[in-house]
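As a plain string of letters, each chain reads:
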Amino acid sequence: MSEFDPRVDDYIQKSADFAKPILEHIRSIVHEACPGVTETIKWSFPHFDYKGTICSVASFKQHCAFSFPKAALMKDANKLLVPMGESAMGHFGRITSLKDLPGDKILKGYIQEAIRINEEGLKVPKAKTAKVVPTPPILLEAINKNKKAKMHFEEFSPSSRNEYAEWINEAKTDATKNKRVETAVEWIAEGKKRNWKYER
């Protein structure tokens, strides 16, 4: 039997008007998909548990986020999940209205897959700590002169920063190095990773 938590009711009521129908809808679909689900509040926003956390939802000033802690293990048959490293908005990106959510059947399918993962006791493997490649002074100096580039570079994961550092270090001549620094700053200012051309 599903367990409702009054703290989740309070959370929804205190959310922005645009967010209330989104949060209520997701909550309803989660309970339909998992009759034994338990609600709770962790890190100040609603989580839904069944043999472990299956998903969470959060509302912000202008969008909502819906996330699966074990998304890395999900098959994502509909290719809708946004990797968390690429978005701070949750696995379905920015949700500003019910139209931003997939259909109920598809949404329920994702939730049921998350349930299956918990039932099978599967765990997300711990990520290996990336070795830190010192950022070349020439690149760091150029980034610090560009506010947008500096902001994005600081937000990049260590591996993304490493890719740029290695690219600059691999340059055989000063001319090539200067050209790569110029290109790198341009891409970083746009929030692009070193291999952005090959990302899906």
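Heads up: these notes are all about the structure in this document. Keep in mind that this is a model prediction, so the values were computed, not measured.

### Digging into helix H1 (residues 6-14)
When we look at burial in H1, the residues that qualify are Val8, Tyr11 and Ile12. All buried residues of H1 fall inside an arc of 95 degrees around its axis, so they share one side. For H1, the exposed residues lying more than 90 degrees away from the buried face are Pro6, Gln13 and Lys14. Looking at the buried positions of H1, the neighbouring elements they touch are helix H2 (19-33), strand E1 (38-42), strand E2 (45-49) and strand E3 (53-59).

### Brief notes about the pairing of E3
Summarising burial for E3: 7 of the 7 residues are buried, a large majority. Pairing of E2 with E3 involves 3 bridges; the strand directions are antiparallel. The partner of Phe48 across the bridge, within E3, is Cys55. Joining the antiparallel neighbours E2 and E3 is a turn of 3 residues, in which Lys51 adopts a positive phi near 55 degrees. Here E3 pairs with strand E4 (residues 64-67) via 4 bridges, running antiparallel. Within the sheet, the bridge partner assigned to Ser59 lies in E4 and is Cys64.

### Overview of the environment of Val132
Mapped onto the fold, Val132 is located in the loop between helix H3 (104-119) and helix H4 (137-144). Relative accessible area serves as the criterion here: at 67%, Val132 is assigned to the exposed category.

### With respect to the sheet that holds E2
Pairing is antiparallel across the open sheet formed by 4 strands, whose spatial order is E1-E2-E3-E4. Of all the strands in the sheet, just E1 and E4 have a single pairing partner and so form its edges. Strand-to-strand twist of the sheet, defined as the mean angle between neighbouring strand axes without regard to direction, takes the value 20 degrees. Those strands touched by H2 are E1, E2, E3 and E4, and its axis lies near 170 degrees from that of E3.

### Here's the deal with the side chain of Asp5
Following the sequence through the fold, Asp5 ends up in the segment before H1. A distance of 2.7 Å separates polar atoms of two side chains, one belonging to Asp5 and the other to Arg7.

How each quantity is defined
- Position labels on residues start from 1 in each chain and follow its written sequence.
- Reporting in this predicted model follows two pLDDT cut-offs: at least 70 for local features of residues, and 80 or more for side-chain atom pairs to be given and counted; totals over whole chains, interfaces and linings ignore these cut-offs and use all residues.
- Excluded from the side-chain calculations are hydrogens and water; all other atoms, namely the structure's heavy atoms, are used.
- For every residue, the accessible area obtained with a 1.4 Å probe (protein chains only) is divided by the maximum for its type, and the residue is called buried under 20%, exposed over 50%, and partly exposed between those limits.
- Working definition: helices are DSSP H or I runs of at least four residues, strands are E runs of at least two. Numbering for both runs from the N terminus.
- By arc we mean the arc of the directions from the helix axis to the C-beta atoms, nothing more.
- Throughout, a residue-residue contact means that at least one pair of heavy atoms, one from each residue, lies within 4.5 Å.
- Pairing between strands requires that DSSP locate at least two bridges from one strand to the other.
- To define axes, lines are fitted to C-alpha atoms, for helices over the stretch in contact only, and angles between the resulting N-to-C directions are given on a 0 to 180 degree scale.
- In the analysis that follows, any N or O atom pair within 3.5 Å is treated as a polar contact, provided that within protein one partner can donate a hydrogen and the other can accept it, and provided that, for residues neighboring in sequence, both atoms belong to side chains.

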